[in-house]
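Commentary on secondary and tertiary structure
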Amino acid sequence: LRVPGIESKEHSNRLSAEIDAATKSKSLEHVILRSSMGLFLNKRGLDFEWSPSQKEVIIEAVKAMGGDEALLGPRRAEEALESSGLDFSILRLGALTDDAGMIPLAFGTDDSLLVQWIEGQKTRRPPVLSRADAARIASFMLRERKLFMKKRLVIDCAWLPKWGSSSVGTEEALIAASKQDLIGDINSACSRKTTSLINR
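Note that the structure is a prediction, hence the values are computed from the model and not measured. Here the residue numbering is sequential within each chain, running from 1 through the sequence in written order. Owing to the predicted nature of the model, reporting of local features is limited to residues with pLDDT of at least 70; listing and counting of side-chain atom pairs is limited to 80 or more, with chain, interface and lining totals taken over all residues. The side-chain values count all of the structure's non-hydrogen atoms but skip hydrogen atoms and water molecules.

Concerning the packing of helix H6 (residues 131–143) against helix H9 (residues 182–191)
Counted only if it meets this: Geometry is summarised by axes, namely lines fitted to C-alpha atoms with helices restricted to the contacting stretch, and by angles between N-to-C directions that run from 0 to 180 degrees. Numbering goes from the N terminus for both helices and strands, where a helix is a DSSP run of H or I of at least four residues and a strand is a run of E of at least two. Should an angle fall under 35 degrees it is taken as roughly parallel, and over 145 as roughly antiparallel, whereas 65 to 115 is taken as roughly perpendicular and any remaining angle as oblique. Any two residues whose heavy atoms approach within 4.5 Å at even a single point are treated as in contact. Polar here means any residue outside two lists: the nonpolar Ala, Val, Leu, Ile, Met, Phe, Trp, Tyr, Cys and Pro, and the charged Asp, Glu, Lys and Arg; Gly therefore counts as polar.
Packing of H6 against H9 brings their axes to within 12 Å, and their N-to-C directions diverge by 90 degrees. As judged from the angle between their axes, H6 and H9 are roughly perpendicular. Between H6, through Arg-136, Ile-137 and Phe-140, and H9, the contact on the second element is made entirely by Leu-182, Ile-183 and Ile-186. Its residues placed into classes, the contact of H6 with H9 shows five nonpolar, no polar and one charged.

So, the nonpolar core
Convention followed: The set of buried Ala, Val, Leu, Ile, Met, Phe, Trp, Tyr and Cys residues whose side-chain atoms join them within 4.5 Å is what this entry labels a nonpolar core. Throughout this description, buried means an accessible area under 20% of the type-specific maximum (1.4 Å probe, protein chains only), exposed means over 50%, and partly exposed covers the range between.
Residues Leu-91, Leu-105, Phe-107, Ile-137, Met-141, Ile-155 and Cys-157 are the most contacted members of the largest nonpolar core, which totals 24 residues. Those elements that provide at least two residues to this core are strand S2 (88–93), strand S4 (105–108), H6, strand S6 (154–159) and H9. In contact with Phe-107, not counting residues within four places along its chain, are Leu-113, Ile-137, Ile-155, Asp-156, Cys-157, Gln-180, Leu-182, Asp-185, Ile-186, Ala-189 and Arg-192. With 18 residues, the next largest nonpolar core counts Met-37, Leu-113, Val-115 and Ala-158 among its residues.

A closer look at the confidence of the model for the protein
The condition is simple: Within a predicted model, pLDDT stands for the predictor's per-residue confidence, ranging from 0 to 100.
Per-residue pLDDT for the protein has a mean of 85; in total, 89% of the residues score no lower than 70. Under a pLDDT of 50 for its full length, residues 1–6 has, in the predicted model, 11 contacts with residues more than four places off or in other chains. Low pLDDT, under 50, characterises residues 194–200; the stretch is placed with 21 contacts to residues that sit more than four places away or in other chains.

A look at the pairing of S2
Threshold: At least two DSSP bridges between two strands are needed for those strands to be called paired.
The element S2 is largely enclosed, with a buried count of six among its six residues. Here six bridges tie strand S1 (residues 31–36) to S2, and the two strands are oriented parallel to one another. Each bridged residue has a counterpart across the sheet, and for Ile-32 the counterpart in S2 is Ser-89. Of the strand pairs in this sheet, S2 and S6 are connected by four bridges, and their pairing is parallel. Across the sheet, residue Leu-91 finds its bridge partner in S6, namely Ile-155.

A closer look at the environment of Ala-106
Within the secondary structure, Ala-106 sits in strand S4. Taking C-alpha positions, Ala-106 is 5.7 Å from Cys-157, a pair spaced 51 residues apart along the chain. If we skip the residues at most four places from it in the chain, Ala-106 touches Leu-113, Asp-156, Cys-157, Ala-158, Trp-159 and Leu-160.

Some details on the sheet that holds S4
Strand pairing in a sheet is mediated by backbone hydrogen bonds. Such pairs are either parallel or antiparallel. Here we have four strands laid out as an open sheet, ordered S1-S2-S6-S4, and mixed in their pairing. At either end of the open sheet lies a strand with only one pairing partner, and these are S1 and S4. In this sheet, neighbouring strand axes are inclined to one another by 30 degrees on average, regardless of whether the strands run parallel or antiparallel. Judged from the four bridges that link them, S4 and S6 form a sheet pairing that is antiparallel. By the bridge assignment, Phe-107 is partnered in S6 with Cys-157. Relative to the sheet, helix H4 (residues 67–82) contacts S1 and S2, its axis offset from that of S1 by approximately 155 degrees.

This is how it looks when you write it as C-alpha cells:
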C-alpha cells in the first residue's frame, strides 16, 4: 500500500495542473476529487492534544494509509482545490483493490472509518474498497451533483466492514449494494458532524 514518494509527487503535480485548468473553466459546476483516508489525522498531526492511546492509534492509522510520504500528493491536491475557489466534494477513499465492484459502502468523516477499523481489527491493514466501487460512488456523486453543490463536503468511503473480497460477485453483496440508499447513508455520516447533506 505504500506509494513511493516519486509517484506521490507526480500524482500531486498532475492533479495541481488539472485543478489550475479547472479554475479557468467558465462552465464547470462542481469538482469531485478522489483523495485518501488518513489526511485528516495527517493534517491534524501529533501536536494536537491527543491522549497517549489516541496517539498510538493515529500513528498506526496514518501508517496503514502509506505514511506521510504517500499522503503528500493527495494532501497537496486537496490544499490546491480548497484554495482554488471552485465548488467541490472530496472523497477520501480507503486502500484500493482490483476486485470487482458492487459491495455495500460505508461513509464517515474526519478519518472515523479508518480509526474504527484500526481499533476494531487490531491490524495495520486499512479499510478497503475496489477501484470499481470508487468509480461507482464518484459517478453517483457527479450524477447527483446538485445535492452536493455549495457544501464543500469531505467524505470518507470504504467497504462496509462486514463485507470483503470474499463477498465480491456474490448475489447477497450485489443485492445489498443495489438497494443501498447512498444519499441517506452519506447524509447520515455528514449529520454526525452536524453538516447535513440535504433536507430529504
